[in-house]
Amino acid sequence: MSRAFVKDADAIDELPDRPISGHANEVTREGLRQVESALTAAQEAYAAAQQVGDREGLASAGRDLRYWTARRSTAVVVPEPQDDSIVRFGHTVTIARDDGREQTFRIVGQDEADPARGTISHASPLARALFGKGIGDVVSVTGGDAEVLSNR
């Protein structure tokens, strides 16, 4: 049969890979556990799709499996910072913005970052602006300036 008569949906073999950041894959201990959990979930999803012959499920789980395998193989656990004099990976930082808002967040790895839960990626512009700063230092952030109030 000519390929002209085959639906595109029937041709699902592999989805394009999820993009992987060029930044170092630094993670907290919790972040490593999250990556390992996601890898296990992808392996289980792949096996389940394989059992029932679900081609779309195989393609989706295969993409996730490739991503999480790559992320696990490059993950570097960064020890908890012992020095609170300057902002580092793993610190929980409170800043005061020009408009009076105070924000507190922890700087973590890219795959574990979730701003709604109070974590931001070490590769984010805000985290990069804060690295090396101490209490009382002011950094330029989107929409104005922010002062570092605490760092732990």
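Details of the structure are given in the entry above.
Residues numbered from 1 in each chain as written. Predicted model: local features only at pLDDT ≥ 70, side-chain atom pairs only at ≥ 80, totals over all residues. Heavy atoms only, no water.

Turning our eyes to something else, we now look at the overall build of the protein. From N to C terminus, the protein includes three helices and seven strands. Start at the N end of the protein and walk to the C end: the helices and strands fall as β-α-α-β-β-β-β-α-β-β. Over its C-alpha trace the protein gives a radius of gyration of 21 Å, far above what one expects of a compact globule, namely 15 Å for 152 residues. Principal axes of the C-alpha set define a box for the protein whose edges measure 70 × 30 × 25 Å. By the burial criterion, 32% of the 152 residues in the protein qualify as buried. A sequence separation of at least 24 residues applies to 57% of the contacts in the protein between residues at least 6 apart. (Helix = DSSP H or I, 4+ residues; strand = E, 2+ residues; numbered from the N terminus. Rg over C-alpha atoms; globule rule 2.2 N^0.38 Å. Buried < 20%, exposed > 50% of the residue type's maximum accessible area, 1.4 Å probe, protein only. Contact = heavy atoms within 4.5 Å.)

This brings us to the packing of aromatic side chains. Applying the stated criterion across every chain, the model contains one aromatic pair. Seen in terms of ring centroids, Y67 and W68 are 4.8 Å apart; in terms of plane orientation they differ by 85 degrees. Their pairing is edge-to-face. The exposure class of Y67 is buried, given its relative accessible area of 8%. One Lys or Arg, R18, reaches over the ring of Y67 and ends 3.9 Å from the middle of that ring. (Phe/Tyr/Trp six-rings, centres within 6.5 Å; stacked < 30°, edge-to-face > 60°. Lys NZ or Arg CZ within 6 Å of the ring centre and 35° of its normal.)

This next bit is on the nonpolar core. Core analysis: the largest hydrophobic core is formed by 13 residues, its most contacted members being V93, I95, F105, I107, I120, L126 and L130. Looking at this core, the elements with two or more residues in it are β3 (92-97), β4 (102-108), α3 (125-130), β6 (138-141) and β7 (144-151). Setting aside residues up to four positions removed in sequence, I107 forms contacts with V87, R88, F89, G90, H91, V93, I120, S121, H122, A127 and F131. Counting five residues, the second-largest nonpolar core is a separate cluster that includes V35, L39, Y67 and W68. (Core = buried A, V, L, I, M, F, W, Y, C linked by side-chain atoms within 4.5 Å.)

If you check helix α1 (residues 29-52), its first and last C-alpha atoms are 35 Å apart, about what 24 residues at 1.5 Å a residue would give, namely 34 Å. Buried within α1 we find G31, L32, V35, A38, L39, A42 and A49. Buried-residue contacts for α1 involve β1 (26-27), α2 (55-74) and β2 (76-77). G53 sits one or two positions beyond α1 and adopts a positive phi of about 70 degrees. (Expected span 1.5 Å × (residues − 1).)

With that out of the way, let us pick up the packing of α1 against α2. At a closest axis distance of 8 Å, the pairing of α1 and α2 adopts a crossing angle of 150 degrees. By the angle between their directions, the pair α1 and α2 is classed as roughly antiparallel. In the packing of α1 onto α2, the handedness of the crossing is left-handed. On the side of α1, the interface is formed by L32, V35, E36, A38, L39, A42, Q43, A45, Y46, A49 and Q50, while α2 contributes G57, L58, A61, G62, D64, L65, W68, T69, R71 and R72. When grouped by side-chain class, the residues that make up the contact of α1 with α2 number twelve nonpolar, five polar and four charged. (Axes fitted to C-alpha atoms, helices over the stretch in contact; angles between N-to-C directions. Parallel < 35°, antiparallel > 145°, perpendicular 65-115°, else oblique. Left-handed = near helix turned anticlockwise from the far one by under 90°. Nonpolar A, V, L, I, M, F, W, Y, C, P; charged D, E, K, R; others polar.)

This next bit is on the side chain of R97. With respect to the helices and strands, R97 occurs in strand β3. Within the buried core, R97 has no salt-bridge partner, and the shortest N-O distance to an opposite charge, that of D99, equals 5.9 Å. At 2.3 Å, the side chain of R97 and the side chain of Q103 are in polar contact. Beyond its immediate sequence surroundings of up to four residues, R97 is in contact with Q103, L126, V141, T142, D145 and A146. (Lys, Arg positive; Asp, Glu negative; His and termini not counted. Salt bridge = Lys/Arg side-chain N within 4 Å of Asp/Glu carboxyl O. Polar contact = N/O pair within 3.5 Å; in protein donor to acceptor, adjacent residues only side chain to side chain.)

So, on to α2. In this model, α2 (20 residues) spans 29 Å end to end at C-alpha, consistent with the 28 Å of a helix rising 1.5 Å per residue. Buried residues of α2: G57, A59, A61, G62, Y67, W68 and R71, and no others. Against the buried residues of α2 lie α1. Its side-chain oxygen 3.2 Å from the backbone nitrogen of E56, D54 forms the N-cap of α2.

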